[in-house]
Amino acid sequence: MKPRADGYYHKNFTYEGRRYHISAPTEKELMIKYGKMLQQLADGSLLINQNSTVAQWAEVWLETYKKGNMTDKSFLTYQEKLDGYVLPAIGRMKMKDVREPNLQRILNDERGRSFSHVSKLRMVIRGMFARAYSAGIINRDPAANLVLPKTTKGTHRKLTERERAAVLAVADRDEHNACLWVKLMLYCGLRPGETAALQWKDIDFKRGILHVTKAKESGKNVIKSTKTEAGHRDIPIPDALLEDLKRKQR
């Protein structure tokens, strides 16, 4: 058995006429998970039907159809939407009792928020219930015709001078480990992923220059070269920040 392109080992199997899929980072873990899942199917603890709660189905849906089949970042997005918005609202409901208005209200409660957030929330809801319908768990799909409420679109705006002053005033107190991190982004215009990749050797204290050549890949614990050559840059460090950095290095 060989891992797929995503680095995970995968196994498809059929139990009592229904197909299942599992994945794991190692072949040993896959076999352990396979044995555990067979036991759960045999004793009925994993069997999902129309009387199962939304929370029970969400757990099985994520584990069976999503985990290992998408990037870590995408998987975390699915978890965040479920744990933060779907399950608090309908997690205890039985799958057979969920109706379109139950799901539409979840979206409507996010009215006025970003298009990205609300559209991803709808995507997760649609995916979960469409799969439940195709798997025969429910006899209709209550999420098929959900509509997006009014959302906002646009790029992130920059801080106002008043907001910038307030943030720096708090950071200057140096009462939290993130204070210097915030200053790095504000004074040098760095992205969070670029700050995560910084090392002391990237700072030229004599010339007061910050060398930016790497960044942490979003959603992964991987440090890579910046996306473009333009991302490689030398940034002058303001005197106030340079003194803070010197104190921290000591």
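On a predicted model such as this, the values are computed, not experimentally measured, just so you know.

(A) Summary view of the pattern of salt bridges. Scanning the model with the defined rule gives 12 salt bridges in all. Salt-bridge contacts for aspartate 174 lead to lysine 248; the nearest nitrogen and oxygen are separated by 3.8 Å. Within this pair, whereas aspartate 174 is found in the loop between α6 (161-171) and α7 (179-188), its partner lysine 248 is found in helix α9 (residues 239-249), the two being separated by 74 residues in sequence. On the basis of relative accessibility, which here comes to 46%, the residue lysine 248 falls in the partly exposed class. Note that arginine 247 is salt-bridged to aspartate 244, the shortest N-O span being 2.1 Å. Highlighted residues: arginine 247 and aspartate 244, both in helix α9, separated by three residues, approximately one helical turn.

(B) Local environment of the pairing of strand β2 (residues 18-24). By the criterion of burial, β2 is predominantly enclosed, with five of the seven residues buried. In terms of strand pairing, strand β1 (residues 9-15) meets β2 through seven bridges, oriented antiparallel. Among the inter-strand pairings, asparagine 12 is bridged to a residue of β2, identified as histidine 21. Between β1 and β2, which pair antiparallel in sequence order, lie two residues; one of them, glutamate 16, sits at a positive phi of approximately 50°.

(C) Main features of the nonpolar core. In terms of nonpolar packing, the biggest core is built from 29 residues, with Trp57, Leu103, Ile125, Met128 and Phe129 touching the most fellow members. Sequence-distant contacts of methionine 128, that is, excluding residues within four places in its chain, are made with Val54, Trp57, Ala58, Trp61, Leu82 and Val86. Among the nonpolar cores identified, the runner-up in size contains 13 residues, and Phe205, Val212, Ile235 and Leu241 belong to it.

(D) Expanded view of the state of the cysteines. For the structure shown, the criterion picks out zero disulfides. Free of any disulfide, cysteine 179 has its nearest cysteine sulfur in cysteine 188, 16 Å distant.

(E) Geometry of the packing of helix α2 (residues 54-66) against helix α3 (residues 72-90). Contact pair α2 / α3: the axes reach a minimum separation of 11 Å and the direction vectors enclose 170°. Regarding the angle of α2 to α3, the classification is roughly antiparallel. Across the interface between the two elements, Val54, Ala55, Ala58, Trp61, Leu62 and Lys66 from α2 touch Phe75, Tyr78, Gln79, Leu82, Leu87 and Ile90 from α3. In terms of residue class, the contact of α2 with α3 is made up of 10 nonpolar, one polar and one charged.

(F) View of the sheet that holds strand β7 (residues 233-236). The strand order across the open sheet built from three strands is β3-β4-β7, with neighbouring strands paired in antiparallel fashion. The open sheet has two edge strands, β3 (203-204) and β7, and neither has a second partner. Pairing between strand β4 (residues 209-212) and β7: four bridges, direction antiparallel. The residue of β7 that forms the bridge with leucine 210 is isoleucine 235.

Cut-offs used in this document
- Residues numbered from 1 in each chain as written.
- Predicted model: local features only at pLDDT ≥ 70, side-chain atom pairs only at ≥ 80, totals over all residues.
- Heavy atoms only, no water.
- Salt bridge = Lys/Arg side-chain N within 4 Å of Asp/Glu carboxyl O.
- Helix = DSSP H or I, 4+ residues; strand = E, 2+ residues; numbered from the N terminus.
- Buried < 20%, exposed > 50% of the residue type's maximum accessible area, 1.4 Å probe, protein only.
- Pairing = 2+ DSSP bridges.
- Core = buried A, V, L, I, M, F, W, Y, C linked by side-chain atoms within 4.5 Å.
- Contact = heavy atoms within 4.5 Å.
- Disulfide = S-S within 2.5 Å.
- Axes fitted to C-alpha atoms, helices over the stretch in contact; angles between N-to-C directions.
- Parallel < 35°, antiparallel > 145°, perpendicular 65-115°, else oblique.
- Nonpolar A, V, L, I, M, F, W, Y, C, P; charged D, E, K, R; others polar.

As far as function goes, none of this settles anything; it's purely spatial.
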